[in-house]
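Structure at a glance
Spelled out from the first residue to the last, the chains are:
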Amino acid sequence: MAIDIKPRSAWAERAAYTGRGQIMAAELTWTLGWDVRTAMEVVRNQIAATPDPVQGREWAPWKGGVFIHHAGPRSFAPDSEADCIQHIADIWHDHKPKYGDIAYNFLVCPHGLIYTGRGLVRGEANGGDAPPTALTKRGEVWVSGVGAVGRNAGFYSVLGLIRSANQPTSAMLGSIKNLIRHLQNNVSSEVRAGDNIFPHSHGDNTECPGNLTPYAQLGSAIDPGRPTVRPAAPVIPRVAWGARPPRAESPVPLSQRTGFAVHYSAGPPTQSLRSIQNFHMDGRGWPDIGYNFLVDRSGRIYEGRGWLSIGAHATGYNTTHIGVCFIGSDGDATPAAKNAIRALYYAANKNAGRVLTATYHGAIGSTSCPGADLRNWVIAGLGGDDVPIEGGGVPGAGSGITTVRSVSAQQQAVNLLGHRPMLSVDGSFGPLTAAGVRWLQTRVGVTADANWGPLTEAAYIAYISEGGGGGGITLYRSVMAQQYAVNALGYVPPLVQDASFGPLTAAGVRWLQTKIGVVADGNWGPATEKAYRTHTGGNVDGIGGISTIRSVAAQQNAVNGLGYTPALDVDGSFGPLTATGVRWLQTRVGVTADGNWGPATEAAYGSYTDGERLVIDGSFGPITIAATQRAIGVVPDGSWGPASKRALQRHLNTWSDAGLVVDGVTGIGTVQALQRHLNKMIGAGLTVDGSWGPGTNRALQTALNLEKF
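Treat the numbers as computed from the prediction; the structure is a model and nothing was measured. (Residues numbered from 1 in each chain as written. Predicted model: local features only at pLDDT ≥ 70, side-chain atom pairs only at ≥ 80, totals over all residues. Heavy atoms only, no water.)

**Details of unusual backbone geometry**
Note the threshold: Secondary structure elements follow DSSP: runs of H or I no shorter than four residues count as helices, runs of E no shorter than two count as strands, and numbering proceeds from the N terminus.
Backbone torsion omega between Cys 208 and Pro 209 reads 15 degrees, so that peptide bond is classified as cis. In this chain, Cys 369 is followed by Pro 370 through a cis amide linkage whose omega measures 10 degrees. At Arg 74, a position not held by glycine, the phi torsion is positive, near 75 degrees. Take Arg 74: it is sitting in the loop between strand S2 (65-69) and helix H4 (81-99).

Below, the structure written as structure tokens:
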């Protein structure tokens, strides 16, 4: 069934003329000297562009489904569709400071028109701070047959554009039903909606969605029925499971591949991919998760290093063999999981153009991996059913990768670096966009293949951060802020603070760099920012702070959301108090506390807010026990008994090579192994004395919050 979903451009014009939109335009006229008409056009295009995938945060709507919302108290009685469009623009205005964008995925008006909010990118409207229960963490809901699922990580948010005094129209209900059917059946597998339909109030303290509540359930007028089941093995891209960017990447052509090696993670099947990646990067010191692909019990395939990168899964065979890991232990692999591994094997043969040798880790290394069940299955020939793989093909030139940065965002980045003629920011990856991306890749120093992957993203961020283009780098500090800083250190004659980066400002910045002891190249990059902060004793001016990743107001909201006291004023001004708050947040989420909200802080913040969010109080009470139990793969009942102690010992044996006897006794040896593991994973600095006290508990709580246990 065809469905008409209005793009963001349908309401972007109105949003550009809200208070927030006009502030964005004013900043462009102020810092870049643009005329108002040009600035408003740029703001409109920015609002209309497809949002980037959220970095560091899981997006798995196939686990959950859809949450239904309404627009709050009072009444909304539109006289025309123009009133509905204005209402959506006003919602964007309200959401922009806290969420950085409109929080809903889709909005449906009383006339039955469907509008795109964040679309198929993760939203933030479903109650990420909903209280924990005996089975769920904060911000999760229990889904039958799946388990605990993040409210934002696993569900679309659909807003019915009515308020509490209004009844939904039949046109609205019919369109919500069609939208849900579309999300369950007609979108790509990695963003396909699950079966469930919940009201916002389900598991959260809110009256939302008001008069839509009776419909927000299975079997109602908005339920399209169960989606058609199509046997397939979907490939979940890195951005969807919240992967960290790799520290490095070593490409390998498929022509060098000769084998296909099966592994298991040796942990519980509930183990998160981020915990495996964190262990490999922080515990092993590897640049990324070690496997090329991973597979879960349901038969879903997760992109690790992918087809074209050397893995870290079998010493001596990482270049020649593609490594595929089943997430679980011996005996946990289901027929669906085996079918997915089998499908990957045949896809590897097709991609390589020849038959690869199918093997298992223990056959090419001294290990019991992948356990007897998978070992025997591989030896017997990887039997099972043939299922198609959805997604995850080998990237080719010009294919337009969007798992790291949307097409619209790639077009904006190309234009930012000065490509001429400027690309149309239309979200369409055609020959002109491919050529523009190749031009950018050449400029930032990576292979010009037109595929915007993790290496292109890292190189692009480094380039704009460190002044690769020369003259007026503004990622760390606006031109106006640079002029202010130069004058504050006594430059004579003082610069005119006109936000224009000309020869006089460049000379002033070089003078400042000489004064504070860094290379005087005129580019205000991270070294200059750090040296300036050190020189001024941290007394930064009120117009500094990185705001290209997250606006200053959104940073202030994030700091307050993690419990910072006293709470920051959300005023959009980056002064000393905000800088201190950002450093506090960075310490809490486990990144360098430099006060600059860059890509690493954004990814760590996303991971942290999706995690346990334990209070670091040094107590080993029921909440911390339940979090520990989730990490080690036992029922999270909050009671620390022999089964949990044995699971901890197995966990330490697997992930820290502890060599413990699994006897369920938490003796000195077990505690010492725990302390060594925490020191390795988070640099806890614990004395390895075998005494499990408040210090060890605080380190454990920190590791659980960071998914590094």
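Structure's up, so let's keep going.
**Here's the deal with the pattern of salt bridges**
The condition is simple: Here, a salt bridge means any Lys or Arg side-chain nitrogen found within 4 Å of an Asp or Glu carboxyl oxygen. Throughout, exposure labels follow a simple rule: accessible area from a 1.4 Å probe, protein chains only, divided by the maximum for the residue type, with under 20% read as buried, over 50% as exposed, and the rest as partly exposed.
Enumeration according to the criterion identifies 21 salt bridges in this entry. Across the pair Glu 13 and Arg 44 runs a salt bridge, and its minimum N-O distance is 3.2 Å. Here Arg 44 lies in helix H3 (residues 36-48) and Glu 13 lies in helix H1 (residues 9-16), a separation of 31 residues in the sequence. For Glu 13, a relative accessible area of 35% translates into the label partly exposed. In this structure, Arg 122 and Asp 610 form a salt bridge, with 2.9 Å as the shortest nitrogen-oxygen distance. Of this pair, Arg 122 sits in the loop between strand S4 (114-116) and strand S5 (140-143) while Asp 610 is found in the loop between helix H18 (599-609) and helix H19 (622-632), placing the two residues 488 residues apart along the sequence.

**As for the pairing of strand S7 (residues 155-160)**
To keep things clear, this is the line we draw: Following DSSP output, two strands are said to pair if at least two bridges run between them.
A large share of S7 lies buried, amounting to six of its six residues. Across the two faces of S7 the burial is the same, with Phe 155, Ser 157 and Leu 159 and Tyr 156, Val 158 and Gly 160 all buried. Note that S2 and S7 share five bridges and pair parallel. Paired with Phe 67 across the two strands is Ser 157, which belongs to S7. As defined by bridge partners, strand S3 (residues 106-108) adjoins S7 across three bridges and the pair is classed as parallel.

**Describing helix H11 (residues 431-444)**
Count 3.6 residues to each turn of an α-helix, and residues three or four apart come out pointing the same way. The following threshold applies: Multiply 1.5 Å by the residue count of a helix minus one, and that product is the helix's expected span. Picture the helix axis, draw a direction to every C-beta atom, and the arc is the one those directions span.
Helix length check: H11, at 14 residues, gives a terminal C-alpha distance of 20 Å against a target of 20 Å (1.5 Å per residue), a fit within 8%. For H11, the set of buried residues is Thr 433, Ala 434, Gly 436, Val 437, Leu 440, Gln 441 and Val 444. Here the buried residues of H11 occupy an arc of 160 degrees about the axis, which is enough to place them on one side. Among the exposed residues of H11, those oriented more than 90 degrees off its buried face are Pro 431, Leu 432 and Thr 442. In the segment just after H11, Gly 445 is the residue with positive phi, at about 90 degrees.

**Some points on the sheet that holds S7**
Sheet architecture is open: six strands sit in the order S1-S4-S3-S7-S2-S8, paired in mixed fashion. A strand with exactly one partner marks an edge of an open sheet, and here the two such strands are strand S1 (5-6) and strand S8 (196-199).

**Details of the packing of H1 against H3**
This is how the line gets drawn: Only C-alpha atoms enter the line fits that serve as axes; for helices the fit covers just the stretch in contact. Angles between N-to-C directions range over 0 to 180 degrees. Oblique is the label for any angle not covered by the other classes, which are roughly parallel (under 35 degrees), roughly antiparallel (over 145) and roughly perpendicular (65 to 115). Helix crossings fall into two classes, left-handed where the near helix is turned counterclockwise from the far one by less than a right angle and right-handed where it is turned clockwise. For this analysis, residues touch if any pair of their heavy atoms sits within 4.5 Å. Classes in brief: Ala, Val, Leu, Ile, Met, Phe, Trp, Tyr, Cys and Pro nonpolar; Asp, Glu, Lys and Arg charged; the others, Gly included, polar.
Where H1 contacts H3, the axes come no closer than 8 Å and their chain directions differ by 135 degrees. The orientation of H1 relative to H3 falls into the category oblique. For the pair H1 and H3, the sense of crossing is right-handed. From H1, Ser 9, Trp 11, Ala 12, Glu 13, Ala 15 and Ala 16 reach across to H3, where they touch Met 40, Val 43, Arg 44, Ile 47 and Ala 48. Partitioned by chemical class, the residues of the contact of H1 with H3 number eight nonpolar, one polar and two charged.

**Considerations on the confidence of the model for the protein chain**
Close reading of the predicted structure is inappropriate where its pLDDT is low. What counts, and what does not: On a scale of 0 to 100, pLDDT captures the predictor's confidence in every residue.
Per-residue confidence for the protein chain averages 87 on the pLDDT scale, and 91% of its residues sit at or above 70. In this model residues 466-471 is a low-confidence stretch, pLDDT under 50, and it forms 11 contacts with partners more than four residues away in sequence or in other chains. With pLDDT under 50 throughout, residues 539-543 is counted as low confidence; its partners more than four residues away or in other chains account for 20 contacts.

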